[in-house]
Amino acid sequence: MNLDLLGWSDDLALSFAPFAAQQFQVGRVARQHKQLYTLYTEAGEFAAEISGKFRYQVQSTEDLPCVGDWVVIAATGQTATIQHLLPRRTLFSRKVAGATTEVQLIAANLDSVFLVCGLDHDFNVRRIERYLVMIWESGARPIIVLNKVDIGEQIEQCLLDLETIAVGIPMVQISALHDQGLDELSPWLQPGQTVALVGSSGVGKSTLTNQLMGEQIQAVQAVRADDSRGRHTTTSRQLICLPSGAVLIDTPGLRELQLWTTQTGVSTVFNEIEALAKHCRFRDCQHQQEPGCAVQAALASGQLEVQRLQSYQKLCREEAYLHRKQNQKAQINTKARWKKITKSIRQQQQDKW
């Protein structure tokens, strides 16, 4: 396999140079099933596991490989052991579903993310806002792909709604089922580029994947007629080499979109609210009943929609809660780590005596 078409770069080559001198090889994670990985390399496809040394050095889930990662391997036959994880350019992740404060890695080293939205009953502006926050936070470029134009209702209104929340973000209208408008995606599907498909179940990600491949490689299912909701057709993430020379990572529909990191995503998506907030009388203004609140003034004048502000405030509350939980977990992990180190030191001293 050609590493350049898989997304290899000069920066990666520089990071890999010390390992190349030790006769190690490099591969890209194409699929993951629990602790087993499928890798694409210059020598072909390898089944791989993480080496014991690597596993011992791992301190958190984010240190483990995921689909799209570049890894250093020691290969024997058609199997390999992963020795090291090369630096990531971008990482799309979310908090795992439920109450557990843990990260779920979706895909790494993405150039662009196609946010696929169905122009049917499942179209939801607030959900799109949340996806955009996550995509900007990943470091990749978002492109909104509006699918099902052949059956879409009130398309003009959908576009108007999107213009208020996605200023400057490319929007492409397609019908994946009828192979309509797919040529407009070509600027982001050039050789060596990596693109991920994200979106709710039933929006047509698998159908789009099949059309881009030119063959039926993904199973597809019909959505429910009453609300256009789909079932999980794609059940795992995988890296697919397209005929165009680009790399596509198809992902299952995400029913829960809980943020994991929010350093810049919220500010980017809601930049008009944060720009207004700079003109509030108080720096710590909560944009509720405070005097001199520029955000409330924008609401009163119709410059800002109530739903838009509510969505922003909800994400800010979620961000604050997440930071508190992450800090608590970090403190617990640090305490447990020092307890383990102290126990090891005491054991060594007893062995000397």
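Values in this document were obtained by computation on a predicted structure and should not be read as measured data. (Residues numbered from 1 in each chain as written. Predicted model: local features only at pLDDT ≥ 70, side-chain atom pairs only at ≥ 80, totals over all residues. Heavy atoms only, no water.)

A.B. asks: What am I meant to see in helix H3 (residues 125–138) here?
C.D. replies: It helps to recall that an α-helix has 3.6 residues per turn; residues three or four apart then point in one direction. Here H3 spans 20 Å end to end across 14 residues, near enough to the 20 Å set by a 1.5 Å rise per residue. In terms of burial, H3 is largely enclosed, as 11 of its 14 residues are buried. Among all positions of H3, only Val125, Ile128, Glu129, Arg130, Tyr131, Leu132, Val133, Met134, Ile135, Glu137 and Ser138 are buried. The N-cap residue of H3 is asparagine 124: its side-chain oxygen and the backbone nitrogen of arginine 126 are 3.0 Å apart. Trailing H3 by a residue or two, glycine 139 shows a phi angle of about 100°, which is positive. (Helix = DSSP H or I, 4+ residues; strand = E, 2+ residues; numbered from the N terminus. Expected span 1.5 Å × (residues − 1). Buried < 20%, exposed > 50% of the residue type's maximum accessible area, 1.4 Å probe, protein only. Polar contact = N/O pair within 3.5 Å; in protein donor to acceptor, adjacent residues only side chain to side chain.)

A.B. asks: Quick question: what am I supposed to make of empty space enclosed by the protein here?
C.D. replies: One simple way to see leftover space: roll a probe sized like a water molecule over the atoms. Across all of its chains, the model carries two cavities of 30 Å³ or more by this definition. As a volume, the largest cavity reaches approximately 90 Å³. In terms of lining residues, the largest cavity is bounded by 13 residues, among which Val116, Cys117, Arg127, Ile128 and Ser200 are the most central. Going through the elements one at a time, strand S8 (112–118) and H3 are the ones with two or more residues in the lining of the largest cavity. (1 Å grid on protein atoms, 1.4 Å probe; cavity = no way out; pocket = protein on both sides within 12 Å on 5 of 7 lines; lining within 4 Å. Points joined across faces, edges and corners; volume = space filled by probe spheres on them.)

A.B. asks: I'm lost on the side chain of threonine 194 in this one. Help?
C.D. replies: Relative to the helices and strands, threonine 194 resides in strand S11 (residues 194–198). Those residues within four positions of threonine 194 in sequence are excluded, and the remaining contacts are Leu6, Arg28, Asn109, Leu110, Asp111, Ser112, Val247 and Ile249. (Contact = heavy atoms within 4.5 Å.)

A.B. asks: Whenever I open this one, helix H8 (residues 294–301) confuses me. Can you help?
C.D. replies: Taken residue by residue, H8 has Ala294, Val295, Ala298 and Leu299 as its buried positions. Taken around the axis of H8, the buried residues stretch over an arc of 150°, which confines them to a single face. Across H8 from its buried face, at more than 90 degrees, point the exposed residues Ala300 and Ser301. Taken from the residues just after H8, glycine 302 is the one with a positive phi, measuring 85°. (Arc of directions from axis to C-beta.)

A.B. asks: Got a minute to help me understand a negative patch on the surface in this structure?
C.D. replies: Residues Asp4, Asp10, Asp11 and Glu42 make up a contiguous surface patch of negative charge. Note on placement: aspartate 4 falls in the segment before helix H1 (10–20). A residue is classified by how much of its surface remains accessible, and aspartate 4, at 49% relative accessible area, is partly exposed. (Patch = residues over 30% accessible without salt bridge, like charges linked within 9 Å, V, L, I, M, F, W, Y side chains within 5 Å. Areas by Shrake-Rupley, 256 points an atom, 1.4 Å probe, with all protein chains shown as cover. Salt bridge = Lys/Arg side-chain N within 4 Å of Asp/Glu carboxyl O. Lys, Arg positive; Asp, Glu negative; His and termini not counted. Charge placed at Lys NZ, Arg CZ, Asp CG, Glu CD.)

A.B. asks: Help me understand the environment of aspartate 183 in this model?
C.D. replies: Topologically, aspartate 183 is positioned in the loop between strand S10 (171–173) and S11. Residue aspartate 183 is classed as exposed on the basis of its relative accessible area, which comes to 69%. The spacing of aspartate 183 and leucine 212 is 29 residues in sequence and 9.6 Å in space, taken between C-alpha atoms.

A.B. asks: It is not clear to me how the packing of aromatic side chains should be interpreted in this structure. Could you clarify?
C.D. replies: Any two aromatic rings considered together are summarised by their centre-to-centre distance and by the angle between their planes. By the definition in use, this model includes four aromatic pairs. Their ring planes at 85° and their centres at 6.3 Å tell us that phenylalanine 114 and tryptophan 188 sit as a pair that is edge-to-face. Of this pair, phenylalanine 114 sits in strand S8 while tryptophan 188 sits in the loop between S10 and S11, and the two are 74 residues apart along the sequence. Here phenylalanine 114 matches tryptophan 188 in class, with each residue buried. Measuring from ring centre to ring centre gives 5.5 Å for phenylalanine 270 and tyrosine 312, while their planes differ by 55°; the resulting arrangement is tilted. (Phe/Tyr/Trp six-rings, centres within 6.5 Å; stacked < 30°, edge-to-face > 60°.)

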